[in-house]
Amino acid sequence: MTTLLNTRAVTIAWGDCDPAGIVFYPRYFEYFDACTAALFQRALGMPKIRWTAAHGIVGIPMVDTRSKFSIPSVFGDEVVVESRVAGFRRSSFDVHHRLLRPDGALGVEGFETRVWAARHPDDPGRIKGVPIPAEVIAAFG
């Protein structure tokens, strides 16, 4: 697990909720995606559009995701999402998110596997995983 931990506050909006008044589960995956972008922006010191261009990649697409739902969030909750890279491999990495409810209780855990992806050299319509630069990994401590 890397040492860099990023936190991001999220206010649960009316549009995030289903008719039962709790967060509709796909919205958590949107929160986590935004938190991954914020984590990388903090580590690399620039927004995603700049660091993808600087490293010659198209992005960091998700190839696996799952969540563990413990306590629902409701309209108006002020939650905090803690995010960190759980581990780097050659061209992929895992991100772990913890959504903490207003009372500090763990509401949801999110797990992502993403790939450092560039255009395929033989077919620019496709992408492929490429090695994650050492300086990127080092930025996460």
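Look above for the structure.
The rules behind the values
- Every chain begins its residue count from 1, and numbering advances along the sequence as written.
- Where local features are concerned, this predicted model is filtered to residues with pLDDT of at least 70; where side-chain atom pairs are given and counted, the filter is 80 or more; whole-chain, interface and lining totals use all residues.
- Think of the side-chain values as coming from all heavy atoms in the structure, minus any hydrogens and water.
- Geometry of aromatic contacts follows a simple scheme: Phe, Tyr and Trp rings, the Trp one being its six-membered ring, pair when their centres are within 6.5 Å, and the pair is stacked under 30 degrees between planes, edge-to-face over 60, tilted otherwise.
- Note on conventions: DSSP H or I runs of at least 4 residues are helices, E runs of at least 2 residues are strands, and numbering of each starts at the N terminus.
- Each residue is assigned to one of three classes by its accessible area relative to the maximum for its type, calculated with a 1.4 Å probe on protein chains only: buried under 20%, partly exposed between the two thresholds, exposed over 50%.
- Ring-over charges, as used throughout, are those where CZ of Arg or NZ of Lys falls within 6 Å of the ring centre and within 35 degrees of the ring normal.
- Joining through side-chain atoms within 4.5 Å is the link that ties buried Ala, Val, Leu, Ile, Met, Phe, Trp, Tyr and Cys residues into a set, and such a set is a nonpolar core.
- Paired strands, as defined in this entry, are two strands with at least two bridges between them according to DSSP.
- Every axis in this analysis is a line fitted to C-alpha atoms, fitted for helices over the stretch in contact. Angles between the N-to-C directions lie between 0 and 180 degrees.
- Here, residues are in contact when the closest pair of their heavy atoms is within 4.5 Å.
- We count a salt bridge whenever a side-chain nitrogen from Lys or Arg sits within 4 Å of a carboxyl oxygen from Asp or Glu.

S.K.: Please clarify how the packing of aromatic side chains should be interpreted in this entry.
M.R.: Two aromatic rings are characterised by how far apart their centres lie and by the angle between their planes. Scanning all chains against the criterion turns up 10 aromatic pairs. A ring pair is formed by Phe40 and Phe93, whose centres lie 5.2 Å apart and whose planes are at 45°; its orientation type is tilted. Of the two residues, Phe40 is situated in helix H1 (residues 26-44) and Phe93 in strand E4 (residues 92-100); the sequence distance between them amounts to 53 residues. A relative accessible area of 0% means that Phe40 is categorised as buried. Of the aromatic side chains, those joined through ring pairs into one cluster are Phe40, Trp51, Phe88, Phe93, Trp116 and Phe140. When the ring centre of Phe111 is taken as origin, the NZ or CZ atom of Arg66, which lies over that ring, is 4.0 Å away.

S.K.: Explain the nonpolar core here, please?
M.R.: Proteins that are soluble and globular tend to have nonpolar side chains buried together. Ranked by size, the top nonpolar core spans 18 residues in total, and within it Phe40, Trp51, Trp116 and Phe140 carry the most contacts. Those elements giving two or more residues to this core turn out to be H1 and E4. For this core, the element with the highest residue contribution is H1, accounting for four residues.

S.K.: Just checking my understanding: could you explain the sheet that holds E4 for this structure?
M.R.: Backbone-to-backbone hydrogen bonds join strands into a sheet, with any given pair of strands oriented parallel or antiparallel. Read across the sheet, five strands follow the order E1-E3-E4-E5-E2 without closing on themselves; strand pairing throughout is antiparallel. If you trace the sheet from one side to the other, it starts and ends with strand E1 (6-11) and strand E2 (62-69), each paired once. Within this sheet the neighbouring strands show an average axis-to-axis angle of 20°, counted without direction.

S.K.: Help me understand the pairing of strand E3 (residues 78-88) in this model?
M.R.: Remember that side chains alternate between the two faces of the sheet whenever the strand is regular. In the sheet, E1 pairs with E3 via six bridges, with the strands oriented antiparallel. Each bridged residue has a counterpart across the sheet, and for Arg8 the counterpart in E3 is Val81. Looking at chain direction, E3 and E4 are connected through eight bridges and run antiparallel. Considered in E4, the bridge of Glu82 is made with Arg98. Taking the residues between adjacent antiparallel strands as the criterion, E3 and E4 are bridged by three residues.

S.K.: Would you explain the environment of Ser67 in this entry?
M.R.: One can find Ser67 in strand E2. Given a relative accessible area of 19%, Ser67 falls into the buried group. Measuring from C-alpha to C-alpha, the distance between Ser67 and Glu112 comes to 8.8 Å, with 45 residues separating the pair along the chain. Apart from the residues lying within four places of it in its own chain, the contact partners of Ser67 are Phe29, Phe32, Val108, Glu109 and Gly110.

S.K.: Sorry if this is basic, but what is going on with the pattern of salt bridges here?
M.R.: Throughout the structure, instances matching the rule amount to seven salt bridges. For Asp16, the salt bridge identified is with Arg27, shortest N-O distance 2.3 Å. Of this pair, Asp16 sits in the loop between E1 and H1 while Arg27 sits in helix H1, placing them 11 residues apart in sequence. In this structure Asp16 comes out as buried when scored by relative accessible area, which is 5%. Close ionic contact of Arg27 with Glu30 constitutes a salt bridge, the shortest N to O distance being 2.3 Å. Within this pair, Arg27 and its partner Glu30 are both found in helix H1, separated by three residues, close to a single helical turn. Glu30 gets classed as partly exposed once you look at its relative accessible area, which sits at 45%. Ionic contacts of the salt-bridge type, sharing partners, join the residues Asp16, Arg27 and Glu30 into one network.

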